[in-house]
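Survey of secondary and tertiary structure
One letter stands for each residue in the lines below.
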Amino acid sequence: MSEIQHQFVKKILTVASHGAYEKGYGVAPSNIALCKYWGKRDSNLNLPLNSSLSISLGTKGTRTQIRRLPSDQFILNGEPVDPTTPFAHRLSTFLDLFREPCRAPGFEVITENTIPTAAGLASSASGYAALVLALNDLAGWDLPRQLLSMLARLGSGSASRSLFNGFACWHRGERDDGRDSFAEAIDTKWSDFRIGILTLTDAEKPVGSRAGMQRTVETSPRYADWPARAAIDFGVLKRAIKHRDFETFGATAEANALEMHATMREAIPPLDYFLPQTRTQIGRVQQLRAEGLPVYLTIDAGPNVKLLFQAANTTEVENAFPALEIIDPFGTSHA
Ligand code: PMV
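What this report covers is the structure whose coordinates are included nearby. Please read all numbers here as calculations on a predicted model, not as lab measurements.

Next up on the list: unusual backbone geometry. Residue P269 is bonded to the preceding I268 through a cis peptide linkage, with omega at -10 degrees. Considering the arrangement of structural elements, one finds P269 in the loop between α7 (246–265) and α8 (276–290). Unlike most non-glycine residues, N46 shows phi in positive territory, near 50 degrees. Counting through the fold element by element, N46 comes out in the loop between β2 (40–42) and β3 (47–48). Classification of N46 by relative accessible area gives buried; the value is 2%. For N77, which is not a glycine, the phi torsion comes out positive at approximately 50 degrees. Relative to the helices and strands, N77 is located in the loop between β5 (73–76) and β6 (79–80).

Below is the structure:
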């Protein structure tokens, strides 16, 4: 981690309280972006080129426990993590930002995901959000969520939004020092909004979103129009949520996701996360809509498809997609 990141964390922690507990706990939901974060204006501080908007997945997410040890040790879903893997390296590098000279230098991180790791279901988002919450608990910082969202952002941009339940937005911000790029909840409950997860594969994706994003920004001619387009989608989605205008909401989210994938396919070399089954399912969703069923889709940097629909259409959607896992994001239980 760079000196700039260390300074950034130090500034945020100036307003933190200080306690020292033996263990810390954090729980965070995964989130699915409806207006995607795609492209950085500063890769050191993980500052985005556009604001993004998401929905958190209720009980689907990550649960993390942390304590100090002489050296780092990670356990993911009950299995020790080989310290030479990219996963362990990324985690250790992030934790470097939070080691304190007067305490044991390592961390034991025990983390459980209720979503497949790296299958495009944003497990890094809930993972880094839960980790930051666990650190906050361990060190007794007692920081507000907006500040924690800025720390989580350094681990994974989308993690900033996983500090919140329901709809959340992550503001692009204007400042070079990153202090105005935080996430916050959109204070509304859309009780009959449903998400359907069609897991086509849980295999690890060949190109991570970080690398895919960078390649697209640097080489895709189509990317030039993305930030302005995303800014418009962000505003339209916020208004559609406010007015419970489901058709505008769904159409905007779907078009935003498909445009993001179109920018990648024009990168050099092209990047295509879709599997043949992904295209088949997109065709099916669009066909059902043509037949009058209000169902829309979104897809992150992976092949899996997420459906967006309303509770009143659950039976029709379930009949069309029997393998669907349905999530009620405003249900009573949260991660
Ligand atoms: O948070 P990252 O660096 O893994 O990037 C996430 C990118 C997308 O999932 C494709 C979009 C988003 O806003 O979550």
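Before going further, it helps to examine the packing of helix α3 (residues 123–138) against helix α4 (residues 145–155). For the pair α3 and α4, the least separation of the axes is 9 Å and the interaxial angle reads 125 degrees. Put simply, α3 runs oblique to α4. Helix-helix and strand crossings are classified by hand; for α3 and α4 the assignment is right-handed. For the pair α3 and α4, the contacting residues are Y128, A129, V132, L133 and N136 in the first and R145, L148, L151, A152 and G155 in the second. A class-by-class count of the residues in the contact of α3 with α4 yields seven nonpolar, two polar and one charged.

One can find D300 in the loop between β11 (296–298) and β12 (305–310). By relative accessible area, which is 14% here, D300 ends up buried.

Next up on the list: the site of the ligand. For the ligand, the set of nearby residues contains 14 residues, the closest of which are Y37, S156, S158, R161 and S209. One of the backbone nitrogen or oxygen atoms of G157 is found 3.3 Å away from an oxygen atom of the ligand. A distance of 2.6 Å separates an oxygen atom of the ligand from a polar atom in the side chain of S158. For the ligand, the protein covers 95% of the area, taking 380 Å² as the surface of the free molecule.

Here the focus is the pairing of strand β10 (residues 193–198). Taken across its six residues, β10 has six buried, putting it largely inside the fold. Here β10 shows no split at all, with F193, I195 and I197 on one side and R194, G196 and L198 on the other all buried. Pairing of β10 with strand β13 (residues 325–327), which is carried by three bridges, proceeds in the antiparallel orientation. Looking at the pairing, I195 lines up with I327 of β13.

Attention now goes to the packing of helix α1 (residues 3–13) against α4. For any two helices packed against each other, one specifies the crossing angle of their axes together with the interaxial distance. Relative orientation of the contacting elements α1 and α4 amounts to 165 degrees, with a least axis distance of 10 Å. When the interaxial angle is binned, α1 and α4 end up roughly antiparallel. For the crossing formed where α1 meets α4, the hand is left-handed. Every residue of α4 that contacts α1 at Q5, F8, V9, I12 and L13 is listed here: L147, M150, L151, R153 and L154. Split by residue class, the contact of α1 with α4 holds eight nonpolar, one polar and one charged.

Next up on the list: the pairing of β5. The side-chain alternation of β5 yields one buried face, formed by F74 and L76, and one unburied face, formed by Q73 and I75. Bridge count for β5 against strand β7 (residues 106–113) is four bridges, and the pairing is parallel. Residue I75 lies in a different strand from β7, and its bridge partner there is I110. Pairing of β5 with β6, which is carried by two bridges, proceeds in the antiparallel orientation.

So, how was this worked out
Residues numbered from 1 in each chain as written. Predicted model: local features only at pLDDT ≥ 70, side-chain atom pairs only at ≥ 80, totals over all residues. Heavy atoms only, no water. Helix = DSSP H or I, 4+ residues; strand = E, 2+ residues; numbered from the N terminus. Buried < 20%, exposed > 50% of the residue type's maximum accessible area, 1.4 Å probe, protein only. Axes fitted to C-alpha atoms, helices over the stretch in contact; angles between N-to-C directions. Parallel < 35°, antiparallel > 145°, perpendicular 65-115°, else oblique. Left-handed = near helix turned anticlockwise from the far one by under 90°. Contact = heavy atoms within 4.5 Å. Nonpolar A, V, L, I, M, F, W, Y, C, P; charged D, E, K, R; others polar. Near = heavy atom within 4 Å. Polar contact = N/O pair within 3.5 Å; in protein donor to acceptor, adjacent residues only side chain to side chain. Areas by Shrake-Rupley, 256 points an atom, 1.4 Å probe, with all protein chains shown as cover. Pairing = 2+ DSSP bridges.

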